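So the chains spell out like this:
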Amino acid sequence: MEEGYGIQILVFIISALLIGAGTRYLQKGTKIPYTVALLLIGLVLGLAERHGFISSFSPHFGQSLAIISDIDPHILLFLFLPTLIFESASSLEVHLFRRIFSQIALLAVPGLLICTLATAAVVHYALPGTGVGHWHCCLAP
């Protein structure tokens with residue numbers, strides 16, 4: 001690890017926590033869901049960094065964004081997915097979940113199958129010259 005990477009990663013983590021806490025505080029009075037607000041903030045920050053606006057105003061934060069953007073996506077998946085699942089499970093209302101489980105299962109299972117087949121069809125027909133088969137599009141990791 002190069003010298004200074006630890007500081008840049010620490011700058012990113014602290015900035016992300018502050019942005020998340022600030023967003024949670026500011027969005028309480030609005031009807032925008034918290035996750036949608038974070039997505040929009042992330043898109044704006046990504047576009048601003050891509051065009052060099054963030055690096056010109058805050059070089060440390062810009063460098064930390066550049067370092068984090070080069071991380072392997074699997075690491076992000078293994079790092080954040082368990083945290084997100086735990087947060088969702090801990091805030092789940094068990095009585096409400098039991099009451100509407102049949103509706104969830106009735107909508108989620110066919111919805112997942114339809115979305116999988118539709119995504120596979122779009123990939124298969126959008127990339128015709130690659131030789132990727134329809135079933136490979138469904139089953140590819």
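Scroll up to find the structure.
Conventions we followed
- Residues numbered from 1 in each chain as written.
- Predicted model: local features only at pLDDT ≥ 70, side-chain atom pairs only at ≥ 80, totals over all residues.
- Heavy atoms only, no water.
- Buried < 20%, exposed > 50% of the residue type's maximum accessible area, 1.4 Å probe, protein only.
- Helix = DSSP H or I, 4+ residues; strand = E, 2+ residues; numbered from the N terminus.
- Contact = heavy atoms within 4.5 Å.
- Phe/Tyr/Trp six-rings, centres within 6.5 Å; stacked < 30°, edge-to-face > 60°.
- Axes fitted to C-alpha atoms, helices over the stretch in contact; angles between N-to-C directions.
- Parallel < 35°, antiparallel > 145°, perpendicular 65-115°, else oblique.
- Nonpolar A, V, L, I, M, F, W, Y, C, P; charged D, E, K, R; others polar.

1. A look at helix H4 (residues 59-69)
Within the sequence span of H4, burial applies to Phe61, Gly62, Ser64, Leu65, Ile67 and Ile68. For H4, the elements touching its buried residues are helix H1 (5-26), helix H2 (34-50) and helix H3 (53-57).

2. A short note on the packing of aromatic side chains
Enumeration over the complete set of coordinates arrives at 1 aromatic pair. Where Phe97 meets Phe101, the ring centres are 5.6 Å apart and the plane angle is 65°; that geometry is what we call edge-to-face. Of the two residues, Phe97 and Phe101 are both situated in helix H6 (residues 94-126); the distance of 4 residues between them amounts to about one turn of the helix. Under the relative-accessibility criterion, Phe97 is labelled partly exposed at 33%.

3. So, the packing of H1 against H4
Packing of H1 against H4 brings their axes to within 8 Å, and their N-to-C directions diverge by 100°. When the axes of H1 and H4 are compared, the pair comes out roughly perpendicular. Contacts between H1 and H4 involve Tyr5, Gln8, Ile9, Val11, Phe12, Ser15 and Ile19 from the former and His60, Phe61, Gln63, Ser64, Leu65, Ile67 and Ile68 from the latter. Split by residue class, the contact of H1 with H4 holds 9 nonpolar, 5 polar and no charged.

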